[in-house]
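Report on the structure
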Amino acid sequence: MAEILQPVVVEVGKKKKREIRNLKSGRGRLMDEVQRTVQATVARLQADHPDKKIVPVVSVVRRKKKSEQRSKRANKMFRF
């Protein structure tokens, strides 16, 4: 049976729109951080699992402001 490896999750915290846009286009400090993390993970896993491939998955999460959430909820309540 194949061994299942745990995902590596990196929390980078709150970032500006420009930094996120640069990450999406493959540039900037966030992209450098992703590359460093992937390289460190590959180096760590090479000894135990030399045939494993690393596929980076980057997810950008944005929270809605409370005022936006309330206004959408209010719009749903008053629909006819």
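Refer to the preceding data block for the structure.
Let us look at the structure shown here. Please read all numbers here as calculations on a predicted model, not as lab measurements. Position numbers for residues count from 1 along each chain, tracking the sequence in the order it is written. Local features in a predicted model are, by the rule used here, given only for residues with pLDDT of at least 70; side-chain atom pairs are given and counted only at 80 or more, and totals for whole chains, interfaces and linings are based on all residues. Excluded from the side-chain calculations are hydrogens and water; all other atoms, namely the structure's heavy atoms, are used.

Where nonpolar side chains cluster on the molecular surface, the patch consists of Val-8, Val-10 and Val-12 and spans about 210 Å² of accessible area. A run of DSSP states H or I qualifies as a helix once it reaches four residues; a run of E qualifies as a strand once it reaches two. Both are numbered from the N-terminal end. By the element assignment, Val-8 lies in the segment before helix H1 (17–24). Here, patches come from residues exposed beyond 30% relative accessible area and free of salt bridges, joined within 9 Å for like charges and within 5 Å for nonpolar side chains (Val, Leu, Ile, Met, Phe, Trp, Tyr). A 1.4 Å probe and the Shrake-Rupley method give the accessible areas. Residues count as covered only by the protein chains that appear here. Throughout this description, the term salt bridge denotes a Lys or Arg side-chain nitrogen within 4 Å of a carboxyl oxygen of Asp or Glu.

Only four residue types enter the charge count, namely Lys and Arg as positive and Asp and Glu as negative; His and the chain termini do not. To locate a charge, the coordinates of NZ of Lys, CZ of Arg, CG of Asp or CD of Glu are taken. Taken together, the side chains of Lys-17, Arg-18, Arg-21, Lys-24, Arg-27 and Arg-62 define a basic patch exposed on the protein surface. As for its position among the elements, Lys-24 is in helix H1.

Helical periodicity: at 3.6 residues per turn, an α-helix aligns residues three or four positions apart in one direction. For a helix, the expected span equals 1.5 Å multiplied by the residue count minus one. In this model, helix H2 (residues 28–46) (19 residues) spans 27 Å end to end at C-alpha, consistent with the 27 Å of a helix rising 1.5 Å per residue. Here H2 has its buried residues at Leu-30, Thr-41 and Leu-45. Projected onto a plane normal to the axis of H2, the buried residues spread over an arc of 35 degrees and lie on a single side. Those residues of H2 that are exposed and angled more than 90 degrees off the buried face are Arg-29, Arg-36, Gln-39 and Ala-43. Where the residues of H2 are buried, they touch H1. Exposure classes here rest on a 1.4 Å probe applied to the protein chains alone. A residue is buried below 20% of its type maximum, exposed above 50%, and partly exposed in between. Starting at the helix axis, one direction is taken to each C-beta atom, and the arc is that of these directions. Two residues form a contact once any of their heavy atoms are found within 4.5 Å.

The residue Thr-41 is located in helix H2 in this model. In contact with Thr-41, other than residues within four places in its own chain, are Val-8 and Ile-54.

Before going further, it helps to examine the packing of H1 against H2. For any two helices packed against each other, one specifies the inter-axial angle together with the distance between the axes. Remark: H1 packs on H2, axes separated minimally by 6 Å, with the N-to-C direction vectors making an angle of 55 degrees. By the angle class used here, H1 and H2 are oblique. For the crossing formed where H1 meets H2, the hand is right-handed. On H2, the residues touching Glu-19, Ile-20, Asn-22 and Leu-23 of H1 are Gly-28, Arg-29, Leu-30, Met-31 and Val-34. Gly falls in the polar group here, along with every residue not listed as nonpolar (Ala, Val, Leu, Ile, Met, Phe, Trp, Tyr, Cys, Pro) or charged (Asp, Glu, Lys, Arg). Of the residues belonging to the contact of H1 with H2, the class tally is five nonpolar, two polar and two charged. To get an axis, a line is fitted to the C-alpha atoms, and for a helix only the part in contact is used. The angle between two axes follows their N-to-C directions and goes from 0 to 180 degrees. Angle categories: roughly parallel below 35 degrees, roughly antiparallel above 145, roughly perpendicular from 65 to 115, and oblique for all the rest. Helix crossings get a hand from a simple test, with the near helix turned counterclockwise from the far one by less than a right angle marking a left-handed crossing and a clockwise turn marking a right-handed one.

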